[in-house]
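Here is how the chains run, residue by residue.
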Amino acid sequence: MNKAFSFQNMDVRDIDRSLLVDRQDIHIDRKLPREQRIREFCRQTNHHPDCVIIDGVVVLSRFMDTEATIEDRISAAVRNA
C-alpha cells in the first residue's frame with residue numbers, strides 16, 4: 001500500500017471499505033513505548049490511522065491546522081455547554 005495515499009480529501013461515503021481495518025481487529029500492547037505503539041497502530045491500520053471502521057461505520061478523522069490541542073477544544077466545549 002502506498003503510504004503517501006490519504007483519505008483526507010475524499011468524501012467519507014466514497015472510501016473503499018475494503019482498504020480499511022475494523023477497530024475491533026486492532027490490538028496494541030499498552031506496555032510498548034509510545035513510539036512503538038504509534039508505529040504498531042499505523043501498521044495495523046494499513047498506514048491509515050485516520051480512517052477506520054468503528055461499529056460498522058467508516059470514521060475519518062480530520063484535524064484543523066491550529067495550535068489548539070484536543071484538550072483545549074474539549075475544555076472550551078464544556079465551558080460553552
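These notes cover the structure that comes with them.

Parameters and conventions
- Per chain, residues are indexed from 1 in the order of the written sequence.
- Given that the model is predicted, a residue must reach a pLDDT of at least 70 before its local features are reported, and side-chain atom pairs must reach 80 or more before they are shown or counted; all residues, however, enter totals for whole chains, interfaces and linings.
- No hydrogens and no water enter the side-chain calculation; it runs on all heavy atoms of the structure.
- The salt bridge criterion pairs a side-chain nitrogen of Lys or Arg with a carboxyl oxygen of Asp or Glu, the two atoms within 4 Å.
- Each helix corresponds to a stretch of at least 4 residues labelled H or I by DSSP, and each strand to a stretch of at least 2 residues labelled E; elements are numbered beginning at the N terminus.
- Relative accessibility thresholds used throughout: buried, under 20% of the residue-type maximum; exposed, over 50%; partly exposed, between the two (1.4 Å probe, protein chains only).
- Throughout, nonpolar core names a set of buried Ala, Val, Leu, Ile, Met, Phe, Trp, Tyr and Cys residues whose side chains join them through atoms within 4.5 Å.
- A contact between two residues is defined here by any heavy atoms of the two lying within 4.5 Å.
- Here a polar contact means two N or O atoms within 3.5 Å. Within protein one must be a hydrogen donor candidate and the other an acceptor candidate, and residues neighboring in sequence count only if both atoms are side-chain atoms.

**Notes on the pattern of salt bridges**
Link 1 in the chain: Scanning the model with the defined rule gives 2 salt bridges in all.
Link 2 in the chain: Across the pair R43 and E40 runs a salt bridge, and its minimum N-O distance is 2.4 Å. Taken together, the positions of R43 and E40, both in helix α1 (residues 34-44) and 3 residues apart, correspond to about one turn of that helix.
Link 3 in the chain: R43 gets classed as partly exposed once you look at its relative accessible area, which sits at 48%.

**A few points about the nonpolar core**
Link 1 in the chain: Formed by F7, I15, L20, C51, I53, V58 and L60, the largest nonpolar core amounts to 7 residues.
Link 2 in the chain: Elements represented by at least two residues in this core include exactly β1 (51-54) and β2 (57-60).
Link 3 in the chain: Those residues within four positions of L60 in sequence are excluded, and the remaining contacts are F7, Q8, M10, V12, I15, D50 and C51.

**Side note on the environment of D29**
Link 1 in the chain: Looking at the element boundaries, D29 is found in the segment before α1.
Link 2 in the chain: C-alpha separation for the pair D29 and Q44, spaced 15 residues apart in sequence, amounts to 12 Å.
Link 3 in the chain: Only 2.9 Å separates the side chain of D29 from the backbone nitrogen of K31, close enough to count as a polar contact.

**Some words on the side chain of T45**
Link 1 in the chain: With respect to the helices and strands, T45 occurs in the loop between α1 and β1.
Link 2 in the chain: Exposure remark for T45: the relative accessible area of 1% places this residue in the buried category.
Link 3 in the chain: Within the local environment of T45, its side chain forms a polar contact with the backbone oxygen of F41, the two atoms lying 2.9 Å apart.
Link 4 in the chain: Within the structure, T45 has its side chain in polar contact with the backbone oxygen of C42 (distance 3.1 Å).
Link 5 in the chain: Non-local contacts of T45, meaning those with residues more than four positions away in its chain, are made with V21, I26 and V52.

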